[in-house]
Amino acid sequence: MTSTVRAAADLGFAVILPRDACLGFDLPEMGLSAEEIARVSFRLLGADFATLSTTADVIASL
């Protein structure tokens, strides 16, 4: 997810990232839950590369 969003933004696309449509996974060997990883990733991407949204909001905007 992160590489795709950053690449799209770097190419000039206006990226809308629906948080509830993204898959995550735990990294138990590093002591990280999928929720923790997603929270940090979304904050970083939302700061510079994408507009964070929900699936319902994206559909409503169509």
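Concerning the overall build of the protein chain
Consideration 1: Scanning the protein chain from terminus to terminus reveals three helices and two strands.
Consideration 2: Reading the protein chain from its N terminus to its C terminus gives the helix and strand order α-β-α-β-α.
Consideration 3: Within the protein chain, buried positions represent 16% of all 62 residues.
Consideration 4: Of all intrachain contacts in the protein chain linking residues separated by at least 6 positions in sequence, the fraction that spans at least 24 positions is 65%.
Consideration 5: With an accessible surface of roughly 4,700 Å², the protein chain has 60% of that area assigned to carbon and sulfur atoms.
Consideration 6: Side chains of the protein chain carry 4 positive and 8 negative charges; the gap between the two charge centres is 6 Å.

Side note on helix 2 (residues 34–48)
Consideration 1: Look at helix 2: 22 Å from first C-alpha to last across 15 residues, which is about the 21 Å you get at 1.5 Å a residue.
Consideration 2: Where helix 2 is concerned, the buried positions are Ala-34, Ser-41, Phe-42 and Leu-45. When helix 2 is viewed along its axis, its buried side chains cluster within an angular range of 100 degrees and face the same direction. Among the exposed residues of helix 2, those pointing more than 90 degrees away from its buried face are Arg-43, Leu-44, Ala-47 and Asp-48.

Points about the nonpolar core
Consideration 1: One finds Val-5, Val-15, Leu-17, Phe-42, Leu-45 and Ala-50 forming the largest nonpolar core, which totals six residues.
Consideration 2: Every residue in contact with Val-15, bar those within four places of it in the chain, is listed here: Val-5, Ala-8, Ala-9, Phe-49, Ala-50 and Thr-51.

Side note on the environment of Ser-61
Consideration 1: With respect to the secondary-structure elements, Ser-61 resides in helix 3 (residues 55–61).
Consideration 2: When its relative accessible area of 57% is taken as the criterion, Ser-61 is described as exposed.
Consideration 3: Put simply, Ser-61 and Pro-18 are 43 residues apart on the chain and 12 Å apart in space, counted from C-alpha to C-alpha.

Things to note about the environment of Leu-27
Consideration 1: When you line up the elements, Leu-27 lands in the loop between strand 1 (16–18) and helix 2.
Consideration 2: For the pair Leu-27 and Ile-37, spaced 10 residues apart in sequence, the C-alpha separation works out to 8.7 Å.

Calculation notes
Residues numbered from 1 in each chain as written. Predicted model: local features only at pLDDT ≥ 70, side-chain atom pairs only at ≥ 80, totals over all residues. Heavy atoms only, no water. Helix = DSSP H or I, 4+ residues; strand = E, 2+ residues; numbered from the N terminus. Buried < 20%, exposed > 50% of the residue type's maximum accessible area, 1.4 Å probe, protein only. Contact = heavy atoms within 4.5 Å. Areas by Shrake-Rupley, 256 points an atom, 1.4 Å probe, with all protein chains shown as cover. Lys, Arg positive; Asp, Glu negative; His and termini not counted. Charge placed at Lys NZ, Arg CZ, Asp CG, Glu CD. Expected span 1.5 Å × (residues − 1). Arc of directions from axis to C-beta. Core = buried A, V, L, I, M, F, W, Y, C linked by side-chain atoms within 4.5 Å.

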